[in-house]
Every structure is written in C-alpha cells, then in structure tokens.
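Descriptive structure summary
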Amino acid sequence: MNYLANSTSPYLLQHANNPVDWHPWGQEALQKAKDENKLIIISIGYSACHWCHVMEHESFEDESVAAVMNQYFVCIKVDREERPDIDQIYMSAVQLMSGRGGWPLNCICLPDKRHIFGGTYFRKNDWASLLFNLADFFKQKPVEAEEYAVKLTEGIQNFETIGFVKEQPEYSKDDLQLIVTNWKKYFDSEEGGMGSAPKFPMPNNWQFLMRYAYLTNDVDIAQNVTLTLKKMAFGGIYDHIGGGFARYSVDGRWHVPHFEKMLYDNAQLISLYSEAYTWKNSPLYKQVVDEIINFAMRELSSSDGGFYSALDADSEGVEGKFYTFTKAEIETILGEDAELFCIYYHITEDGNWEEEQTNVFFRQEKDLQLANKLGLPVESMMEKIEDGRKKVFYARSLHIRPGLDNKILASWNGLMLKGLCDACRAFNEHDYLDIALRTADFIVNYMVNEEGRLSRTYKGVDNDSIAFLDDYANVSDGLIALYEVTFDEHWLEHARSLVNYAIAHFYDPSSGIFYFTADGNEQLIARKSEIMDGVIPSSNSVMARNLKKLGLLFDDEEYHEISAQLLRNVMPHIARYGSSYSNWCMLLLDEVFGTYEIAITGENYDALRVEIENKYIPNKIILGGKKGSLPLLQEKFTSETQIFICKDKTCSLPVYNSIDAVKQINSKILL
C-alpha cells in the first residue's frame, strides 16, 4: 500500500493499493518534491466520480505508467470535497489554459506547487507520453518552466476577481428584466432546463426563476420552470424506484443519468420542489420531496445524525448497473403485471440505453393521460404501479450496491438542513422537522468546537478545525431556516456566531469580498474568492443573503452594509450570464421588491405560521413565538395571537388571522 493507507477520505483510500506512490496533500510530500527537485502531479477527484475510476483503472493501476510517475514525479492525491481550496486553485489554472474543467483534474506543478500544465481525463498512452515530455521539459528548460509558472500563477491570482464598487446604485425591475432577457436565450422550451447536453438540475437557477415569475407575473418564465420541474421528475435522472436525483443527465432529455447521487444536489432539490409545491400545489412535487428525503434517510444518513456525501455511479465496475434492468428481469419480478409497468417506465426488449437490453426508467405521460390512453381507471393503474415499484425495489436491493462516500461535510449538511426546513415549511410534516433538528444538533454538537470554529469534515474523533467559507455560509443558512420553522432563537444565535466568525476571519473590507479560506488556513499559491454560482450557490452569495436576513432579524447595520457591498461588487457582472449568478439574483429580487418581515406572536403562533407558510410569499422572513428577544418582536407580545407585517422599518397594524395578513401583503405588492 502507498502513503494513502491511513487516510480517512474514501476517495484517497480507493487509491491506496495503486502501484503509484501516492501521497496525501501535506508538508511531507511537498518537502519531498523540493528536496528531490521533482515535478509534482496533483491529481484531484472524488469517490463517486465515474471518469476518476476509469483513469485509475487505465493508468494508475498500470505498473508501467506508475513506474514513470514514481521515477520523475512526486504524486499527490486530493479529495476535492475535503479540500475545495486546493481544487479551486488548480481548476482555475486548467480553465485558464483550456477553457474547460472537470474531474478527474490532473495538474503538473513545479516543486513549489506552481502549475505548469494540466487537464482532466487522459487516456493511458496520452498520459504516459505527456509525463515523459514534461519531465524532459523541466530538466532541459527549467528557465522556461519558471517563466511559464510565473505567468500562470498571476493568471490564477486574477482569475474571476471583481472590483470594489463604492457607490450604491438604484436597483430596479429593469435590472432584473435585462438579466432574464439574456438568460432566456439558453432555455430549452421542449425538454426544460438549459442548453442541450449534458443537463444539470441547477436547483438555484429554477428557484430564482420561479420567484421572478411570481413577483413579475411572467407567464413564459413560469411555464419554463414548471416544464423543467416536470421533465426532471419524469426523466431517468430521477430514481423512480428508490427516490433521489443523479448528478446530471448525459443527454438533453433528462433520460440517461450520470448515475452518481450527491447529497448537495438532493438537498437543494428538496428546497426547490418544496417551494414549488407552495407555488403550484402539484402532488408530483410533494411526492418527489418525500421520496428524496426517504432516500437520504435510508442511504445517506449516519447513526450520529449527519448525512454522508454520495453514492458512486458504478457498481461491479459498471456505470449504473445497480439501477438498470432488462425487460426479461422485470417480467420475472412482476409476472403478469410487467406489461403495464414496462409501458409506464418505457422499458423495452432492446433496451432504451446504450447498453444492450438495458433500461433506464423514465416517464413521459401524466398518470391520468396514460390511464385514459390505456383505458384503465387511474386509481387501479397506480395501485399496480406502486406494487410493482415495491417489488422492483426489493429485487434491486439484492444487487451489489454502489460505493458509499461516507464523508460527512459541514457545507453539504447545511444544505440538507435547509432542504429539510423548506420541506417542513411547505408540508408541515413533523417527521421532516424531527430530522432537521437531529441534523442541526449533530452539526452544533460535533462539528463546531469550543472556539466557535467549524470542522469541514466529521471523523468521529479528533476533528480538525479547517473549514471554508461554504461551510460557514451553508450551515448558517440552514440554521436561519431552522429558526423560521421553530422560532427557537437558540438556532439563530448559532447562525450569528458562525457569521461573525466568518466576518472576522474570511472577510476583506478593502475588496468587499469574503475569501474562500480563513486567515489562519494553509497559504496556497493564491488566496481566492468564490463568486459565481454553480451547481451549488457560491459561498459569497449565500453569505450575502445570510447577512441580509440577519441584518433584518437583528436590526444590524453592519450586516446590511456588508451584504450591500457584496451585491454592489457583483452587480456589474450578472447581466451577461444570469445562470452563473442565480443566488445573487435572488438577493437582487429582495432588494427590488423588498422583504416582508412577518412577526407572529402569542399562544397560537405556530398554527398561524403554518397558515402563512401555505401562501406563496417568496420575499419574506418569518419570526415570532410566545416570547423572543429580537428587536422586531419587542412590545408585540399580548394575550392575543397577532400577526404584524413589516417592511422597510415600518409595521402595519396587527391582524389576527392569516387571511388579513396576506391581504396586507398583497396590497403592498400592488403598490
């Protein structure tokens, strides 16, 4: 075994038996490169990554390739989910060089960690040839290698940086309309989503567009959102047997998934479909949320109370083998009911995927449409489908399972906490709240130390205190959401403590941006900030929205000003590609339309909270209880249960039922 044998990361342990002399990232390996004056291979991936497995099998398990790597290089493996700061640096380098990125990410660096070449997946012969050429280049032309490293490092340091904007602009609906008008060019009006292939769910994109459609009464955008939500839920990207979404579809129809299932995707999709249910009240959305949560509890939940990171795309060395079936297998499982099941999920003799006779389950028709087409009562049809799903689920449980990445990450658990709270708000399911409380207890008790610092990963014992801005941002966001469904200020105080820590150790007042790494973290070749929203909203945008909410809840001007400064800095960049700034766009929505602060006080506060949550009011925060210390709650506690609608530091007269409260809000929207 190589030097990864004592790692706790499942991804690093996957490579512990490679003939490559892999080292984990650390001072020992970095010093070895300097002492021996060798180039460094920094190979970055994650345990559920299909193409990481392919390159491992083709190259890193090959004795001849390993011999080249070991002779001329110091080889370092990095789990991008444990060390996103390292991944961010070298991904920037590869994107600068090639205009694209992805995983596996393989970078060749000078002995001092500065990048000179990199890419993603390499075929075996290409990889071996590249290594020989680079080793020879470094030996024969060290001055040129140094010059190239200097230029590329400067590029990395300046990559995706933004300027400080001092003057506060006046935001308007015109700003939003410009963003959305440019964005519409990328919509797929036939299959939903954006672009062609591959297609990613991008939950934050559709959450913003849903809110925009509602607040501006944009029917076209609303139709694109509902189309996308339906197509994703009907597509093969969704696991119709066990619940949960895969990371993306390789085609433009949401049909064939890249089968890895990530906690961060599913957490955000819980939030998206929960909010969509409040907006449109579709039973499909409720079903999807419930099935995702059941999947997460069944397959990603730890006994300690946290959530694991991912399920692998592969099992038995084959992508998707756990999830797919031949028609003959379905007929064996279901007998005479197989025909209906196969029609419902488009299972064919030849198979509907590239693998011969292999089927990925997907839907096209709504239940009532299909029942009418087949001449069946919809209730009896669905009883047979549900019975078939249970039988296929059991049969599937006998398959060899995909690998589990059992890392517990603070950031992704924060996303899951937020998703559970959003589900509780939409459906008032006490089970969801119980899971949310269990998750929050786990984070606070096991991932925050006595000094108020987060650990990114939970390892059972001896958690290190390294964490990144996304950990602080997403955990804080989840805790704020938990306050809004419990009115327990204990959770809000935890959120404020984490945000204050982030301001003290991550925020740079001179640039008006949070760094991704804390001031006491390991210093890499550049200290970067995460600005653009991707499959997960950027840590700066999440923190900006947290500060906006906490500024309102605690009446704190410093929070307001930092949030405003962040948005000012980013605003000049949003219009050209809204999809990459969708979480910033939600903050902009709140600036343009304002935020309603809904305070509910008195004995029956929770019943009225539930009634208010049943109304779609996307630009709100909600607070209250039988008692409370928040500034907005002062002098609002009486013997009666009351609702106060406040906005822009002004509160309307109290009302005593949710109907009158919503009337006040609607009258303000019309104004």
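Scroll up to find the structure this text is about.
Fair warning: this is a prediction, and the values are worked out from it, not measured in the lab. (Residues numbered from 1 in each chain as written. Predicted model: local features only at pLDDT ≥ 70, side-chain atom pairs only at ≥ 80, totals over all residues. Heavy atoms only, no water.)

1. What to know about the overall build of the protein
Counting its secondary structure elements, the protein contains 25 helices and 20 strands. In terms of overall dimensions, the protein is globule-like: its C-alpha atoms have a radius of gyration of 26 Å, near the 26 Å expected for 671 residues. Per-residue burial for the protein yields a buried fraction of 61% across its 671 residues. Considering only residue pairs separated by 6 or more positions, the protein has 68% of its internal contacts joining residues 24 or more positions apart. Roughly 27000 Å² of accessible area belongs to the protein as shown, and the carbon and sulfur atoms make up 48% of that amount. Of the side chains in the protein, 64 bear a positive and 98 a negative charge, and the two mean positions are spaced by 3 Å. (Helix = DSSP H or I, 4+ residues; strand = E, 2+ residues; numbered from the N terminus. Rg over C-alpha atoms; globule rule 2.2 N^0.38 Å. Buried < 20%, exposed > 50% of the residue type's maximum accessible area, 1.4 Å probe, protein only. Contact = heavy atoms within 4.5 Å. Areas by Shrake-Rupley, 256 points an atom, 1.4 Å probe, with all protein chains shown as cover. Lys, Arg positive; Asp, Glu negative; His and termini not counted. Charge placed at Lys NZ, Arg CZ, Asp CG, Glu CD.)

2. Looking at the side chain of Asp312
Here Asp312 lies in the loop between β9 (310–311) and β10 (314–315). Salt bridges are absent for the buried Asp312, whose nearest opposite-charge side chain, Arg247, sits at 10 Å. Each residue touching Asp312, except ones within four places of it in the same chain, is listed here: Gln14, Ser47, Ala48, His53, Phe259, Glu260, Pro402 and Gly403. (Salt bridge = Lys/Arg side-chain N within 4 Å of Asp/Glu carboxyl O.)

3. Quick look at the layout of surface pockets
Here the second largest pocket is characterised by a volume of approximately 610 Å³. Only α21 (539–554), α22 (557–574), α23 (582–593) and β20 (650–651) provide two or more residues apiece to the lining of the second largest pocket. Broken down by class, the residue content of the lining of the second largest pocket amounts to nine nonpolar, seven polar and eleven charged. (1 Å grid on protein atoms, 1.4 Å probe; cavity = no way out; pocket = protein on both sides within 12 Å on 5 of 7 lines; lining within 4 Å. Points joined across faces, edges and corners; volume = space filled by probe spheres on them. Nonpolar A, V, L, I, M, F, W, Y, C, P; charged D, E, K, R; others polar.)

4. Considering the pairing of strand β2 (residues 39–45)
β2 sits mainly inside the fold: seven of its seven residues count as buried. The pairing of β2 with strand β4 (residues 105–109) spans five bridges and is antiparallel. Along β4, the bridge assignment pairs Ile42 with Cys107. (Pairing = 2+ DSSP bridges.)

5. Comments concerning the packing of aromatic side chains
The geometry of an aromatic ring pair is captured by two quantities: the separation of the ring centres and the angle between the planes. Going through the model one piece at a time under the given rule, you end up with 35 aromatic pairs. Aromatic pair Tyr507 and Phe514: ring centres 4.9 Å apart, planes at 50 degrees, arrangement tilted. A relative accessible area of 0% places Phe514 in the buried class. The rings of Phe325, Phe341, Tyr344, Tyr345 and Phe361 are connected pair by pair, giving a single aromatic cluster. Geometry around Phe295 places Lys261 over its ring, the cationic atom sitting 4.0 Å from the centre. Directly above the ring of Phe234 sits Arg363, whose terminal nitrogen or CZ lies 4.0 Å from the centroid. (Phe/Tyr/Trp six-rings, centres within 6.5 Å; stacked < 30°, edge-to-face > 60°. Lys NZ or Arg CZ within 6 Å of the ring centre and 35° of its normal.)

6. Considering the packing of α22 against α23
Contact geometry of α22 with α23 gives a least axis separation of 10 Å together with a crossing angle of 115 degrees. If you check the angle between α22 and α23, you find them roughly perpendicular. Classified by chirality, the crossing of α23 by α22 is left-handed. Here α22 contributes Ser563, Leu566, Leu567, Val570, Met571 and Ile574 to the contact with α23, which in turn contributes Trp584, Cys585, Leu587, Leu588 and Glu591. Of the residues assigned to the contact of α22 with α23, the class counts are nine nonpolar, one polar and one charged. (Axes fitted to C-alpha atoms, helices over the stretch in contact; angles between N-to-C directions. Parallel < 35°, antiparallel > 145°, perpendicular 65-115°, else oblique. Left-handed = near helix turned anticlockwise from the far one by under 90°.)

7. Observations regarding the nonpolar core
Judged by nonpolar contacts, the single largest core of 188 residues is most densely connected at Met69, Trp127, Phe208, Tyr273, Phe514, Trp584 and Ile598. Top contributing element to this core by residue count: helix α17 (residues 410–427), with eleven residues. Dropping the residues within four chain positions of it, Phe208 is found in contact with Leu176, Val180, Trp183, Ser582, Cys585, Met586 and Leu589. Core analysis: the second largest hydrophobic core is formed by 24 residues, Ile86, Ile89, Met91 and Leu105 among them. (Core = buried A, V, L, I, M, F, W, Y, C linked by side-chain atoms within 4.5 Å.)

8. Concerning empty space enclosed by the protein
Remark: the empty space left among the atoms is shown by a probe the size of a water molecule rolled over them. Inspection of every chain in the model, using the stated rule, returns two cavities of 30 Å³ or more. Estimates place the volume of the largest cavity at around 640 Å³. Along its surface, the largest cavity is lined by 39 residues, and Gln207, Arg211, Glu275, Lys418 and Asp422 are the ones closest to its centre. Contributing elements (two or more residues each) for the lining of the largest cavity: α9 (203–216), α11 (263–280), α17, α19 (469–486), α21, α23 and β18 (620–625). Take the lining of the largest cavity: its biggest share by element is seven residues, from α11. Put simply, the second largest cavity is a space of about 150 Å³. In terms of lining residues, the second largest cavity is bounded by 17 residues, among which Gly236, Tyr238, Asp239, Phe259 and Tyr323 are the most central. Each residue belonging to the lining of the second largest cavity can be placed in one class, and the counts come to ten nonpolar, four polar and three charged.

9. Observations concerning the environment of His23
Here His23 shows up in strand β1 (residues 22–24). By relative accessible area, which is 4% here, His23 ends up buried. It is 33 Å that separates the C-alpha atoms of His23 and Val250, two residues lying 227 residues apart in sequence. Among all residues touching His23, those that are not within four sequence positions of it are Tyr3, Leu4, Ala29, Lys32, Val74, Cys75, Ile76 and Lys77.

10. Some remarks on helix α2 (residues 27–36)
Among the residues making up α2, those that are buried are Ala29, Leu30 and Ala33. In a view along the axis of α2, the buried residues occupy a sector of 100 degrees, so they form one face of it. Exposed and facing more than 90 degrees away from the buried side of α2 are Gln27, Glu28 and Asp35. For α2, the secondary structure elements touched by its buried residues are β1, β2 and β3 (73–79). Directly after α2, the chain includes Asn37, whose backbone phi takes a positive value near 50 degrees. (Arc of directions from axis to C-beta.)

11. Description of the sheet that holds β18
Read across the open sheet, the four strands follow the order β18-β17-β19-β20; overall the sheet is mixed. At either end of the open sheet lies a strand with only one pairing partner, and these are β18 and β20. Here two bridges tie strand β19 (residues 642–647) to β20, and the two strands are oriented antiparallel to one another. Paired with Lys647 across the strands is Thr650, a residue of β20.

12. Side note on the sheet that holds strand β8 (residues 261–262)
With respect to topology, three strands assemble into an open sheet ordered β8-β9-β12, the strand pairing being antiparallel. Every interior strand has two partners, whereas the edge strands, β8 and β12 (404–405), have only one. As paired elements, β8 and β9 share two bridges and run antiparallel to each other. Following the sheet pairing, Lys261 is matched in β9 by Leu311.

13. Let's talk about a negative patch on the surface
A cluster of acidic residues, Glu331, Glu349, Asp350 and Glu356, forms a negative patch on the protein surface. Along the polypeptide, Glu331 turns up in helix α13 (residues 327–334). (Patch = residues over 30% accessible without salt bridge, like charges linked within 9 Å, V, L, I, M, F, W, Y side chains within 5 Å.)

14. Focus: the pairing of strand β17 (residues 596–601)
Counting buried positions along β17 gives six out of six residues, so the element sits mostly inside the fold. The alternating pattern of β17 places Tyr596, Ile598 and Ile600 on one face and Glu597, Ala599 and Thr601 on the opposite face, and all of these are buried. Relative to β18, β17 runs parallel, the two sharing six bridges. Its bridge partner lying in β18, Ile598 is registered against Ile622. Each parallel crossover has a hand, and the one from β17 via helix α24 (residues 605–613) to β18 is right-handed. Bridging between β17 and β19 involves five bridges; their strand directions are antiparallel. Of the residues in β19, the one forming a bridge with Ala599 is Phe644. (Right-handed = clockwise from strand over helix to strand, strands pointing away.)

The quantities given are spatial measurements derived from coordinates; they are silent on function.
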